[in-house]
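# Chains, contacts and geometry: an overview
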Amino acid sequence: MWIQKSLTLAARRRGFHLVTDEILGQLPELGRVKVGLMHLFIQHTSASLTLNENADPTVRADFERYFNHAVPEGEPYYQHTYEGSDDLPAHLKSSILGASLSIPVSDGRPCLGTWQGIYLCEHRNHGGARTVVVTVQGE
């Protein structure tokens, strides 16, 4: 069986946001998959996806602080500045973290670890709604 659909994630402020429930809530078809693989691909160059801590929100706040320190805004050597001071740093952060995730599926649920959740990493100050293409392969 193959399932593919585009999901819209609500617009969020800049930061790292736990979106596991939002994604699964838009994917009731996953319940039919006994064993398989779910691939998530974000169709944006200034946001990314990653897996990490799903319980303590300070982890997400620390991620934001770390990436803002590692990839600062307003560096004099940036040439791509037409869309604002947060745009090029957003592209860099997106490339560092990545645009996709592959997660095993078992008995209709993603096989996430006890403390794992899917993050939307919003790197723009005003990024807007984000589109994620989900492809599920399984039986």
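To keep things clear, this report deals only with the structure shown in the data block. No experiment lies behind these values; they were computed from the predicted model shown. Sequence order as written defines the numbering, with residues in each chain counted from 1. Where totals are concerned, whole chains, interfaces and linings use all residues; where local detail is concerned, this predicted model gives features only for residues with pLDDT of at least 70, and gives and counts side-chain atom pairs only at 80 or more. Calculated side-chain values reflect all of the structure's heavy atoms, with hydrogen atoms and water omitted.

Across its full length, the protein chain holds three helices and eight strands. Sequence-ordered secondary structure for the protein chain, helices as α and strands as β, is β-β-α-β-β-α-α-β-β-β-β. Relative to a compact globule of 139 residues, whose C-alpha radius of gyration would be 14 Å, the protein chain shows 16 Å and is just as compact. Taken along the three principal axes of its C-alpha coordinates, the protein chain extends 50 × 30 × 20 Å. Numbering of helices and strands runs from the N terminus; a helix is a DSSP stretch of H or I covering at least four residues, while a strand is a stretch of E covering at least two. Both definitions apply: the radius of gyration is a C-alpha atom measure, and the globule rule equals 2.2 Å times residues to the power 0.38.

What follows is about the sheet that holds strand β2 (residues 15–18). Ordered by their spatial adjacency, three strands build an open sheet running β2-β7-β4, and the pairing between neighbours is antiparallel. The sheet is open, and its two edges are formed by β2 and β4 (47–53), each paired on a single side. Neighbour to neighbour, the strand axes of the sheet diverge by 35° on average, direction disregarded. Bridging between β4 and strand β7 (residues 116–122) involves seven bridges; their strand directions are antiparallel. When the bridges of β7 are listed, A47 appears paired with E122. Residue contacts are counted whenever heavy atoms from the two residues lie within 4.5 Å of one another. Angles here are taken between N-to-C directions and fall from 0 to 180 degrees, while the axes themselves are lines fitted to C-alpha atoms, restricted in helices to the stretch in contact. Helix α2 (residues 57–70) contacts β2, β4 and β7 of the sheet and is inclined by roughly 150° relative to β2. Only strands joined by at least two bridges in the DSSP assignment are considered to pair.

Here we come to the nonpolar core. L30, M38, L40, V134 and V136 are the most contacted members of the largest nonpolar core, which has 22 residues in total. Elements that contribute at least two residues to this core include exactly β1 (2–9), α1 (20–25), β3 (35–42), β4, β5 (100–106), β7 and β8 (130–138). Beyond its immediate chain neighbours, meaning those up to four positions away, V136 contacts M1, W2, I3, L27, L30, V33, L37 and M38. Core analysis: the second largest hydrophobic core is formed by five residues, F16, F63, F67 and C121 among them. By convention a nonpolar core is built from buried Ala, Val, Leu, Ile, Met, Phe, Trp, Tyr and Cys residues, the set being connected through side-chain atoms within 4.5 Å. Burial classification: accessible surface area is computed with a 1.4 Å probe over protein chains only, and a residue below 20% of its type maximum counts as buried, one above 50% as exposed, and the rest as partly exposed.

In this section: the packing of aromatic side chains. Aromatic contacts are taken between Phe, Tyr and Trp rings whose centres are within 6.5 Å, Trp giving its six-membered ring; a plane angle under 30 degrees counts as stacked, one over 60 as edge-to-face, and the others as tilted. Tallied over the full model, the rule gives seven aromatic pairs. Relative to F67, the ring of Y66 lies with its centre 5.2 Å away and its plane at 90°, an arrangement referred to as edge-to-face. Owing to a relative accessible area of 9%, F67 belongs among the buried residues under this scheme.

The next point concerns the sheet that holds strand β6 (residues 109–110). Pairing in this open sheet of five strands is antiparallel, and the strands run β1-β8-β3-β5-β6 from one edge to the other. Single-partner strands in this sheet number two, and they are β1 and β6.

Right, let's talk about the side chain of R60 for a bit. Along the chain, R60 falls in helix α2. With residues up to four places along the chain from it excluded, the contact list for R60 reads F16, H17, L18, E53, N54 and Y119.

A separate point is α2. Helix length check: α2 (14 residues) gives 20 Å between terminal C-alpha atoms against 20 Å at 1.5 Å per residue, within 8%. Of the surrounding secondary structure, the elements contacted by the buried residues of α2 are β2, β4, α3 (87–97) and β7. By this rule the span expected of a helix is its residue count minus one, scaled by 1.5 Å.

Residues that lie three or four places apart on an α-helix share one face, since the helix turns once every 3.6 residues. Within α3, burial applies to D87, L88, P89, A90, K93 and S94. Residues of α3 that are buried make contact with β4 and α2. Positive backbone phi, approximately 105°, marks G98, located one or two places after α3.

Glancing now at the pattern of salt bridges. Every case where a carboxyl oxygen of Asp or Glu lies within 4 Å of a side-chain nitrogen of Lys or Arg is listed as a salt bridge. Applying the stated criterion across every chain, the model contains eight salt bridges. For the salt bridge of R65 with D62, the shortest nitrogen-to-oxygen distance reads 2.4 Å. Residue R65 and its partner D62 are both found in helix α2; the two are separated by three residues, about one turn of the helix. Taking the relative accessible area as the measure of exposure, D62 reaches 42% and is therefore partly exposed. D86 is paired through a salt bridge with R124; the nearest N and O atoms lie 3.0 Å apart. Of the two residues, D86 is situated in the loop between α2 and α3 and R124 in the loop between β7 and β8; the sequence distance between them amounts to 38 residues. One network of salt bridges, with partners in common, ties together R14, E64 and E73.

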